[in-house]
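# Summary of structural features
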Amino acid sequence: MTMINIAICDDEVPILEFVEREIDHFYVSRNIAVNVMKFTNGSTFLDACRNTNFHLVFLDIEMPHMSGIDVVAKLRSVYDDMEIIFLTSYENYVFESFRYRPLRFIRKSKIDSELEEALEAFQKIMDNSKNYYSFLTTDGVVIWRVDDIQYMEAFQHYIYIHRKDKNIKVRGSLDKYEKEFGTWGFIRIHKSYLVSYQHIYSINTNEVILTDQKKLPLSRRRNEEVKEKFIEYTRRLS
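Report on the accompanying structure. These numbers come from a predicted model, not from an experiment.

Further remarks concern the sheet that holds strand β4 (residues 83-88). Here five strands make up an open sheet; going across it, the order is β2-β1-β3-β4-β5 and the pairing parallel. Both outer strands of the open sheet, β2 (34-39) and β5 (104-107), are each paired with one neighbouring strand and no more. Strand-to-strand, the axes of this sheet are offset by a mean angle of 15°, without reference to chain direction. Of the strand pairs in this sheet, β4 and β5 are connected by four bridges, and their pairing is parallel. Among the inter-strand pairings, leucine 87 is bridged to a residue of β5, identified as isoleucine 106. Most of the contacts of helix α1 (residues 13-28) go to β2, to which it runs at about 175°, and overall it touches β1 (4-9), β2, β3 (56-60) and β4. In the packing of helix α3 (residues 68-76) onto the sheet, contacts are made with β3 and β4, and the angle to β4 comes to roughly 170°.

Here is the structure:
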């Protein structure tokens, strides 16, 4: 990933500026390109999410008009893989925030000592993760970890991207995704299905069974090719 996009959303300008300085210092010392954008309210931040793929947001919980909890409730319904670090002056909010899976919860009174550790935790995730892909859906941009994608299904004029827990709908061609995702171990098993080899449990005569026991159709003419590619990917990419 060539550029890390980070948002800071807080109605206190001194906090915005402090966090930005610390982020710049953290990444300059590591020679990593980072783009930092600042917002003083949740609405403008959510609007920006439609055009920018943020990997991390520092989010103030106690903002007027739209609280950080309100923002993240909207955020999680679309931008599921964005990491969240909550900022707050009140520790009693920590329990309410847990259900949104924040990476960290930073107390503003301890921000000097807690911010760097939070950035290190985030960067460890980035360093250890594989590839992410940005999908433009009808609800906006969705960033998903490629390893989490089970398969893609073409139906009418849409492509449905499936994970175990949810799916999204995008416009496009399965041929396009086959070319892009082939290097990540995705195999075309049918004119309408593209499957990640990592999620294949078994290959039969006319179907592919996924690790969660979901069954997908396998074209008879693709059977041998699919088996060969599966073996090839297993050797090269595992």
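Anyway, onward from the coordinates.
The next subject is the nonpolar core. Counting residues in each nonpolar core, the largest one holds 24 residues, and the members touching the most others are Val19, Ile23, Tyr27, Phe58, Ile106, Leu115 and Leu119. Residue assignment for this core shows that the elements contributing at least two residues are β1, α1, β3, β4 and α5 (111-128). Among residues more than four places away in sequence, those in contact with phenylalanine 58 are Ile6, Ala7, Ile8, Cys9, Val19, Ile23, Ile85, Leu87, Ile106, Leu115 and Leu119. If you look at the next biggest cluster of nonpolar residues, it comprises 22 residues, including Phe39, Ile69, Met82 and Ile84.

On to the sheet that holds strand β15 (residues 215-217), then. Here three strands make up an open sheet; going across it, the order is β13-β14-β15 and the pairing antiparallel. In this open sheet, the two strands that pair with only one neighbour each are β13 (200-203) and β15. Strand-to-strand twist in this sheet, taken as the mean axis angle between neighbours without regard to direction, amounts to 25°. Looking at chain direction, strand β14 (residues 207-210) and β15 are connected through three bridges and run antiparallel.

This next bit is on the packing of aromatic side chains. Under the definition given, this model contains 16 aromatic pairs. Aromatic pair phenylalanine 135 and phenylalanine 181: ring centres 6.3 Å apart, planes at 15°, arrangement stacked. Of this pair, phenylalanine 135 sits in strand β6 (residues 132-137) while phenylalanine 181 sits in helix α6 (residues 174-181), placing them 46 residues apart in sequence. Here phenylalanine 135 and phenylalanine 181 have matching classes, each one buried. An aromatic cluster is built from Tyr133, Phe135, Trp144, Tyr177, Phe181, Trp184 and Phe186, whose rings are joined through pairwise contacts. Residue placement shows lysine 169 over the ring face of tyrosine 158; its charged tip is 4.4 Å from the ring centre. Over the ring of tyrosine 177 we find lysine 176; its NZ or CZ atom is 4.3 Å from the centre of that ring.

Outside of glycine, negative phi angles account for most residues, and trans bonds account for most peptide bonds. Phi at asparagine 31 is positive, roughly 55°, even though this residue is not glycine. Relative to the assigned elements, asparagine 31 resides in the loop between α1 and β2. Overall, asparagine 31 belongs to the exposed group, its relative accessible area being 74%. Of note in this structure, histidine 65 is not a glycine but carries a positive phi near 70°. With respect to the secondary-structure elements, histidine 65 resides in the loop between β3 and α3. The exposure class of histidine 65 is exposed, given its relative accessible area of 87%.

Its 16 residues place the ends of α1 22 Å apart at the C-alpha level, agreeing with the 22 Å of an ideal helix rising 1.5 Å per residue. Taken as a whole, α1 has its buried residues at Ile15, Leu16, Phe18, Val19, Ile23, Phe26 and Tyr27.

What counts, and at which threshold
Residues numbered from 1 in each chain as written. Predicted model: local features only at pLDDT ≥ 70, side-chain atom pairs only at ≥ 80, totals over all residues. Heavy atoms only, no water. Pairing = 2+ DSSP bridges. Helix = DSSP H or I, 4+ residues; strand = E, 2+ residues; numbered from the N terminus. Axes fitted to C-alpha atoms, helices over the stretch in contact; angles between N-to-C directions. Contact = heavy atoms within 4.5 Å. Core = buried A, V, L, I, M, F, W, Y, C linked by side-chain atoms within 4.5 Å. Buried < 20%, exposed > 50% of the residue type's maximum accessible area, 1.4 Å probe, protein only. Phe/Tyr/Trp six-rings, centres within 6.5 Å; stacked < 30°, edge-to-face > 60°. Lys NZ or Arg CZ within 6 Å of the ring centre and 35° of its normal. Expected span 1.5 Å × (residues − 1).

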